[in-house]
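Results of the structural survey
Here are the chains, one letter per residue:
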Amino acid sequence: HWHQPFLLLKLAIKKYRKSPPVKVALLHGARDIRIDERPEQLPDAGELLIDVTAVGVCGSDLHTYLNGQIGDTVATSPLILGHEAAGRVVAVGTGLDGKFAIGQPIAIDPAIPCGECERCIEGDPNLCTNLAFMGLWPRDGALRERMVHPAKSCIALPDTLSPVAGALLEPLGVALHAIRLAKIKMNDDVLVIGCGAIGLLLIRLARLAGARHIFASDQQPRRLSLARTYGASIVVNSAEQDIVTEVRQTTHGRGVDIAIESAWVKDTADQCVEAARNGGRVVIVGIPAEDAITMRASAARRKGLSIKLSRRMKHTYPAAIDLAVSGRVDLEMLATHRFALSESSAAFEIAAHYEDGVVRAMILPNA
């Protein structure tokens, strides 16, 4: 039977050629998303073929969408965006020993650490020096009907979680990592600037961690309303009121124990520094469009602040799944808008311009 492997290979190639093309949302340049088709891939060893069921439009996606780059990473060729994603297993590559079954719902971790560098070995895969990241040029993301992804970066989900909630485990993981860096103690006062999806999750997690007063600042009325729902005690519309003044007045000049920046606006890091108490902590989560963080050095130095920059997440999916399944964190409420894959351009425009009270626009490629 020496010829049997060759027959199997021929059958696989034949099946591959007969597979219908996969629809993808392809970014050709700033604010230029077009629906296109690509051949379906087959999973190699250690990979899964996945039907993509839900993708969230994140603020970091919007950087690339609006400017053709995020930070110093420039998209120099067409790119599929999308890194907050969930799916369902269609085919399993070799070498996985029954770890995933056909039809298994999964969350797709966009980060693919090497597992071999110093940081990976030390237990910090989010700081991997050889990190590959889907939806960040040059690796395509999840805005397509079907995709292949390493099984090591896929997380089995219970059937009780919807695809939308499964996709939003990724921003919940980012918020959870930042909250761990913040080291909130019972009765601490906390400020969260920026009430997008991650900001709202930060507020909820701060409340669960035992924070006393939680200040929230944003310019969008719907987000401020949701901030109260998620646990903020004092909300400030930053278009009308100065958050630093509100913090100082409410705390009688003391300031907050922890200030968390989760926007992508030029002055928000400095507001966190000004609002923090002496010896307080500042955690930077947002990605500024200017690729620069500005703060008053004398204030940060004289206060002796501890300043942490949060890089994605590590080892957070188990806790995030538990928080969502138990109902302690409501992820569905964040998904204010839902779109078909063919409506990807409209989804990005609405998200980019904060239209119609959007918090998280979700794209459902196989709806």
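Thresholds applied
Residues numbered from 1 in each chain as written. Predicted model: local features only at pLDDT ≥ 70, side-chain atom pairs only at ≥ 80, totals over all residues. Heavy atoms only, no water. Pairing = 2+ DSSP bridges. Helix = DSSP H or I, 4+ residues; strand = E, 2+ residues; numbered from the N terminus. Axes fitted to C-alpha atoms, helices over the stretch in contact; angles between N-to-C directions. Buried < 20%, exposed > 50% of the residue type's maximum accessible area, 1.4 Å probe, protein only. Polar contact = N/O pair within 3.5 Å; in protein donor to acceptor, adjacent residues only side chain to side chain. Parallel < 35°, antiparallel > 145°, perpendicular 65-115°, else oblique. Left-handed = near helix turned anticlockwise from the far one by under 90°. Contact = heavy atoms within 4.5 Å. Nonpolar A, V, L, I, M, F, W, Y, C, P; charged D, E, K, R; others polar. 1 Å grid on protein atoms, 1.4 Å probe; cavity = no way out; pocket = protein on both sides within 12 Å on 5 of 7 lines; lining within 4 Å. Points joined across faces, edges and corners; volume = space filled by probe spheres on them. Expected span 1.5 Å × (residues − 1). Bend = angle between axes of the 7 residues up to and from the residue. pLDDT = per-residue confidence, 0-100. Patch = residues over 30% accessible without salt bridge, like charges linked within 9 Å, V, L, I, M, F, W, Y side chains within 5 Å. Areas by Shrake-Rupley, 256 points an atom, 1.4 Å probe, with all protein chains shown as cover. Salt bridge = Lys/Arg side-chain N within 4 Å of Asp/Glu carboxyl O.

**Concerning the sheet that holds strand β14 (residues 214-218)**
In spatial order, the strands read β15-β14-β13-β16-β17-β18; together these 6 strands make up an open sheet with parallel pairing. A single partner strand is all that each edge strand has here, and the edge strands are β15 (234-237) and β18 (306-309). Neighbouring strand axes in the sheet, compared pairwise and without regard to direction, differ in orientation by 15° on average. Direction of pairing for strand β17 (residues 276-284) relative to β18: parallel, over a ladder of 4 bridges. Looking across to β18, one finds that R281 is bridged to S306.

**Focus: the environment of R146**
As for its placement among the helices and strands, R146 is situated in strand β11 (residues 146-150). Given the relative accessible area of 23%, R146 is considered partly exposed. The sequence separation of R146 and R88 amounts to 58 residues, and the corresponding C-alpha distance is 9.5 Å. There is a polar contact of 2.8 Å between the side chain of R146 and the side chain of E40. At a separation of 2.7 Å, a polar atom in the side chain of R146 contacts the side chain of D51.

**Some points on the packing of helix α4 (residues 163-182) against helix α10 (residues 317-325)**
In contact at an axis separation of 9 Å, α4 and α10 are set at 110° when each is read in the N-to-C sense. Considered as vectors, α4 and α10 are oriented roughly perpendicular to each other. As α4 packs across α10, the resulting crossing turns out to be right-handed. On α10, the residues touching L169, E170, L172, L176 and R180 of α4 are Y317, A319, A320, I321, L323 and A324. Its residues placed into classes, the contact of α4 with α10 shows 9 nonpolar, no polar and 2 charged.

**Brief notes about the layout of surface pockets**
Empty space within the second largest pocket amounts to approximately 310 Å³. What lines the second largest pocket is a set of 14 residues, and nearest its centre among them are D109, P113, P125, K152 and H315. Split into classes, the residues belonging to the lining of the second largest pocket amount to 7 nonpolar, 4 polar and 3 charged.

**Some thoughts on α4**
Spanning 20 residues, α4 covers 29 Å between terminal C-alpha atoms, matching the ideal 28 Å at 1.5 Å per step. Along α4, the sharpest kink reaches roughly 30°, centred on L169 and followed within four residues by the proline P171. With 17 of 20 residues buried, α4 is to be regarded as a mostly interior element.

**A look at the confidence of the model for the protein chain**
A low pLDDT score tells you not to read the predicted coordinates there in detail. For the protein chain, per-residue confidence averages 94 on the pLDDT scale, and 95% of positions sit at 70 or higher. Throughout residues 5-11 the model reports pLDDT below 50, and contacts reaching past four residues in sequence, or to other chains, amount to 0 contacts.

**Here's the deal with the sheet that holds strand β2 (residues 32-38)**
If you walk across this open sheet you meet the 3 strands as β2-β1-β6, and the pairing is antiparallel. Two strands lie at the open edges of the sheet, namely β2 and β6 (79-80), each paired on one side alone. Lying over the sheet, helix α2 (residues 59-67) contacts β1 (22-29), β2 and β6, oriented at roughly 60° with respect to β1.

**So, the environment of I234**
Its location among the elements puts I234 in strand β15. Sequence-wise, I234 and L208 are 26 residues apart; in three dimensions their C-alpha atoms are separated by 16 Å. The contacts of I234, once residues within four sequence positions are left out, are I214, F215, A216, E246 and T250.

**Side note on empty space enclosed by the protein**
Scanning all chains against the criterion turns up 1 cavity of 30 Å³ or more. As a volume, the largest cavity reaches approximately 60 Å³. What lines the largest cavity is a set of 13 residues, among which E261, V265, T268, A269 and P288 lie closest to the centre.

**Digging into a nonpolar patch on the surface**
On the surface, I293, I307 and L309 cluster together into a nonpolar patch covering about 250 Å² of accessible area. In this structure, L309 sits in strand β18.

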